[in-house]
Amino acid sequence: MKRVVLTVLVGAVGLLVLVGCRQMPEHPEKTGKQPSIYPDYIGVTIPADIAPLNFNVLGEGIDCVDAVITGSKGGQLHTNGAYADFDIDEWHSLTEQNKGGDLTVTVCVRKDGKWLQYQDFKISVSPYALDEWGVTYRRIAPGYEVYSHMGLYQRDLSNFEETAIFDNTQVTGQCMNCHTSNRTDPSHFVFHVRGNHGATMIQIDGKREWLKAKNDLLGGSMVYPYWHPSGDYCAFSTNQTRQGFHVVPKERIEVFDLSSDVFVYHPATHEILTDSLLQTKDWSENAPVFSPDGKTLYFMTCRQQEYPAHYKDEKYNLCKIAFDPATGKFGDRVDTLFNAVAMGKSLTWPRPSYDGKYILFTLIDYGYFSIWHEESDQWLLDLQTGEARPLKELNSPGADSYHNWNVNSHWVVFTSRRDDGLYSRLYIASIDDKGNATKPFMLPQRSPKEYYDESVYSFNIPDFTKRKVEFNAREASYEVVSDKRVETKVR
């Protein structure tokens with residue numbers, strides 16, 4: 001009986017709090033300053049089809065938040081509660097109506113029984129469509145040796161629905177990484193599994209193949225994949241990766257390769273296409289990507305060092321070689337496209353825009369595992385002019401790293417540790433026709449402060465996806481542990 005009474009009392013108190021917060025601000029005192037909100041959505045640019053930018057107002061003593069959004073082209077949206085929590089359908093109606101316009105946000109809070117009104121701020125609604133269903137990413141605790149709970153996940157960008165693609169609770173002790181689809185089309189999907197049952201999984205039009213993880217002729221596993229636009233090929237690198245730990249403040253871990261080479265895989269014949277220019281003795285070739293027309297293979301390369309003693313001398317340039325899709329043959333010369341070494345820097349994770357205009361890359365002091373480098377910044381290379389510049393609009397004092405383009409080349413998703421310095425979160429920004437970037441916004445969550453404060457996971461290797469990835473995780477879990485693998489052959 002006491003338990004029933006207690007439940008009723010708790011419910012009654014919750015109802016009183018809810019009713020109290022539903023009071024509307026009357027004659028609020030104007031503060032003359034903008035609110036401190038989390039996430040920081042002040043002045044960002046968004047696609048019309050993004051999920052609502054729910055936010056918390058930071059500060060002691062705040063027990064109610066009232067937010068009104070007014071569109072420059074019409075429409076208004078109102079919410080009142082413990083934080084700004086917008087109705088999804090009403091939000092999309094407002095953003096669609098205001099494409100190419102602005103949203104003015106008026107925020108009031110009740111603090112110590114008194115209503116305060118902050119200075120309005122704006123959110124711009126881009127004329128560029130997102131043209132994607134969602135994003136895929138790896139969600140992992142920021143550890144080093146033990147995989148714990150992690151996996152590949154996907155998120156519907158129009159709402160807050162997150163689902164697992166493949167999770168290591170289904171295959172205990174395995175690590176899923178290096179996933180990608182073909183120009184955001186998941187009909188061609190690939191990822192790598194590390195661990196006792198290691199393999200490279202390639203799924204084409206729903207048919208899965210598990211490739212033997214290591215090939216003695218290659219010297220390592222098939223990692224860092226990137227599809228040819230035709231879907232007939234997939235580029236990989238093969239890396240003998242090691243890691244070491246720092247003993248200095250603000251530096252935790254360094255990842256380096258004893259060796260690495262680049263090759264192209266032909267799924268139809270299970271052939272690995274190699275070339276002596278991509279497998280040199282004294283250089284480490286890494287992270288290959290195809291140009292949008294499929295006629296060029298870009299990749300990183302650095303002079304091989306003695307590791308771990310000279311890990312700070314590991315510095316990568318961006319190079320290219322011709323590729324003939326009809327024959328699967330490479331050109332007879334390698335050209336340097338961007339000389340980061342001449343700047344005393346190292347280039348990593350090149351990603352061409354799908355319209356052929358740019359290559360987005362990360363610049364760091366040394367090495368290539370930029371997610372652990374606090375100084376890592378996003379740079380944009382203009383393929384027409386050959387000029388490269390830092391994207392100051394995107395960069396922060398924290399590590400800004402892994403990135404990918406959406407299919408129309410007007411949006412990028414990337415990871416950043418700007419939030420707390422420890423966990424990498426996902427951020428999205430727009431790139432216009434002249435290569436100008438907008439202030440990035442953190443991936444929206446229904447209850448953002450609660451979600452990110454309680455999360456013990458980092459997000460990395462993000463990519464857009466034009467539709468939900470269809471993957472039978474139950475069947476795949478049996479296939480992994482069966483150790484039945486497709487042999488590859490080197491041509």
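For the structure, see preceding data.
Summarised in this report is the structure supplied together with it. (Residues numbered from 1 in each chain as written. Predicted model: local features only at pLDDT ≥ 70, side-chain atom pairs only at ≥ 80, totals over all residues. Heavy atoms only, no water.)

With that out of the way, let us pick up the overall build of the chain. In terms of helices and strands, the chain carries 4 helices and 37 strands. A total of 491 residues make up the chain; the buried ones form 54% of that total. Counting contacts in the chain only where the partners sit at least 6 residues apart, residues at least 24 apart contribute 58% of the total. When the accessible area of the chain is evaluated, it comes to approximately 21,300 Å², of which 51% is carbon and sulfur surface. (Helix = DSSP H or I, 4+ residues; strand = E, 2+ residues; numbered from the N terminus. Buried < 20%, exposed > 50% of the residue type's maximum accessible area, 1.4 Å probe, protein only. Contact = heavy atoms within 4.5 Å. Areas by Shrake-Rupley, 256 points an atom, 1.4 Å probe, with all protein chains shown as cover.)

Looking now at helix H2 (residues 88–97). Regarding H2, the residues found buried are Trp 91, His 92, Leu 94 and Thr 95. For H2, the angular spread of buried residues about the axis comes to 165 degrees, placing them on one side. Residues of H2 that are buried make contact with strand S3 (45–46), strand S5 (62–71), strand S6 (76–81), strand S7 (102–111) and strand S9 (121–125). (Arc of directions from axis to C-beta.)

This paragraph deals with the pattern of salt bridges. Overall, the coordinates contain 18 salt bridges when judged by the stated rule. Glu 271 is the salt-bridge partner of Arg 491, the closest N and O atoms lying 3.6 Å from each other. Of this pair, Arg 491 sits in the segment after strand S37 (489–490) while Glu 271 is found in strand S22 (residues 271–273), placing the two residues 220 residues apart along the sequence. On the basis of relative accessibility, which here comes to 17%, the residue Glu 271 falls in the buried class. Salt bridges here are not isolated pairs; linked through shared partners, they connect Arg 208, Glu 475 and Glu 479. (Salt bridge = Lys/Arg side-chain N within 4 Å of Asp/Glu carboxyl O.)

Bringing empty space enclosed by the protein into the picture now. With the rule as written, the count across this model stands at 3 cavities of 30 Å³ or more. Empty space within the largest cavity amounts to approximately 190 Å³. Lining the largest cavity are 13 residues, with His 179, Trp 349, Arg 351, Asn 404 and Ile 461 sitting closest to its centre. Counting residues per element, the ones that place at least two in the lining of the largest cavity are strand S13 (175–182), strand S19 (223–227), strand S28 (346–352), strand S32 (400–405) and strand S36 (458–465). (1 Å grid on protein atoms, 1.4 Å probe; cavity = no way out; pocket = protein on both sides within 12 Å on 5 of 7 lines; lining within 4 Å. Points joined across faces, edges and corners; volume = space filled by probe spheres on them.)

With that settled, consider the side chain of Arg 208. On the secondary structure map, Arg 208 appears in strand S16 (residues 207–212). A distance of 3.0 Å separates polar atoms of two side chains, one belonging to Arg 208 and the other to Glu 475. Among the polar contacts listed, one links the side chain of Arg 208 to the side chain of Glu 479, at a separation of 2.8 Å. Setting aside its immediate chain neighbours within four residues, Arg 208 contacts Met 201, Ile 202, Gln 203, Phe 471, Asn 472, Glu 475, Ala 476 and Glu 479. (Polar contact = N/O pair within 3.5 Å; in protein donor to acceptor, adjacent residues only side chain to side chain.)

Let us now look at the packing of aromatic side chains. Tallying each qualifying case throughout the model produces 22 aromatic pairs. Arranged with centres 6.3 Å apart and planes meeting at 55 degrees, the rings of Phe 55 and Phe 86 form a pair that is tilted. Of this pair, Phe 55 sits in the loop between S3 and strand S4 (56–57) while Phe 86 sits in the loop between S6 and H2, and the two are 31 residues apart along the sequence. The class for Phe 86 is buried, based on a relative accessible area of 2%. Measuring from ring centre to ring centre gives 5.1 Å for Tyr 233 and Phe 323, while their planes differ by 85 degrees; the resulting arrangement is edge-to-face. Note that Tyr 233 is positioned in the loop between S19 and strand S20 (234–245) and Phe 323 in strand S25 (residues 317–324), a separation of 90 residues in sequence. Taken as a pair, Tyr 233 and Phe 323 share a single burial class, namely buried. Over the face of the ring belonging to Phe 471 we find Arg 208, whose NZ or CZ atom lies 5.6 Å from the ring centre. If you follow Arg 418 out to its NZ or CZ, it ends over the ring of Tyr 427, 4.8 Å from the centre. (Phe/Tyr/Trp six-rings, centres within 6.5 Å; stacked < 30°, edge-to-face > 60°. Lys NZ or Arg CZ within 6 Å of the ring centre and 35° of its normal.)

What links the strands of a sheet is backbone hydrogen bonding, and the strands pair in either a parallel or an antiparallel sense. In spatial order, the strands read S13-S14-S15-S16; together these 4 strands make up an open sheet with antiparallel pairing. A single partner strand is all that each edge strand has here, and the edge strands are S13 and S16. Neighbour-to-neighbour, the strand axes of this sheet turn through a mean angle of 20 degrees, independent of strand direction. Sheet topology note: the strand S15 (residues 199–204)/S16 ladder contains 6 bridges and is antiparallel. Looking across to S16, one finds that Gln 203 is bridged to Arg 208. (Pairing = 2+ DSSP bridges. Axes fitted to C-alpha atoms, helices over the stretch in contact; angles between N-to-C directions.)

In this structure, Ile 46, Phe 55, Val 107, Val 264, Leu 297 and Phe 441 are the most contacted members of the largest nonpolar core, which totals 95 residues. With residues up to four places along the chain from it excluded, the contact list for Phe 55 reads Ile 37, Tyr 38, Pro 39, Tyr 41, Ala 67, Tyr 83, Ala 84, Phe 86, Val 105, Val 107, Phe 121 and Pro 448. Formed by 18 residues, the second largest nonpolar core is a distinct cluster that contains Cys 175, Ala 199, Phe 471 and Ala 473. (Core = buried A, V, L, I, M, F, W, Y, C linked by side-chain atoms within 4.5 Å.)

Bringing the sheet that holds S28 into the picture now. Pairing in this open sheet of 4 strands is antiparallel, and the strands run S28-S29-S30-S31 from one edge to the other. Edge positions in the open sheet fall to S28 and strand S31 (388–390), since each of these has one partner strand only. Going across the sheet, the axis of each strand differs from the next one's by a mean of 30 degrees, ignoring polarity. Pairing analysis gives 3 bridges linking strand S30 (residues 377–382) to S31, with the strands arranged antiparallel. Within the sheet, the bridge partner assigned to Leu 381 lies in S31 and is Ala 388.

This part covers the pairing of strand S14 (residues 185–194). Most of S14 is tucked away: 8 of the 10 residues are buried. Both S13 and S14 contribute to a ladder of 6 bridges, which runs antiparallel. Within the sheet, the bridge partner assigned to Asn 177 lies in S14 and is His 192. Counted between consecutive antiparallel strands, the loop separating S13 from S14 contains 2 residues, among which Arg 183 sits at a positive phi close to 55 degrees. Two strands pair when backbone bridges link them, and S14 and S15 are joined in this way by 6 bridges, in the antiparallel orientation. Residue pairing across strands places Val 193 opposite Ala 199, the latter belonging to S15.

Glancing now at the environment of Ile 428. By the element assignment, Ile 428 lies in strand S34 (residues 425–430). Residue class for Ile 428 comes out buried when judged on its relative accessible area of 2%. Excluding its chain neighbours within four sequence positions, the residues that come into contact with Ile 428 are Ile 50, Leu 157, Trp 411, Val 412, Val 413, Pro 440 and Phe 441.

Remember that the coordinates give geometry; whether it matters functionally is a separate question.
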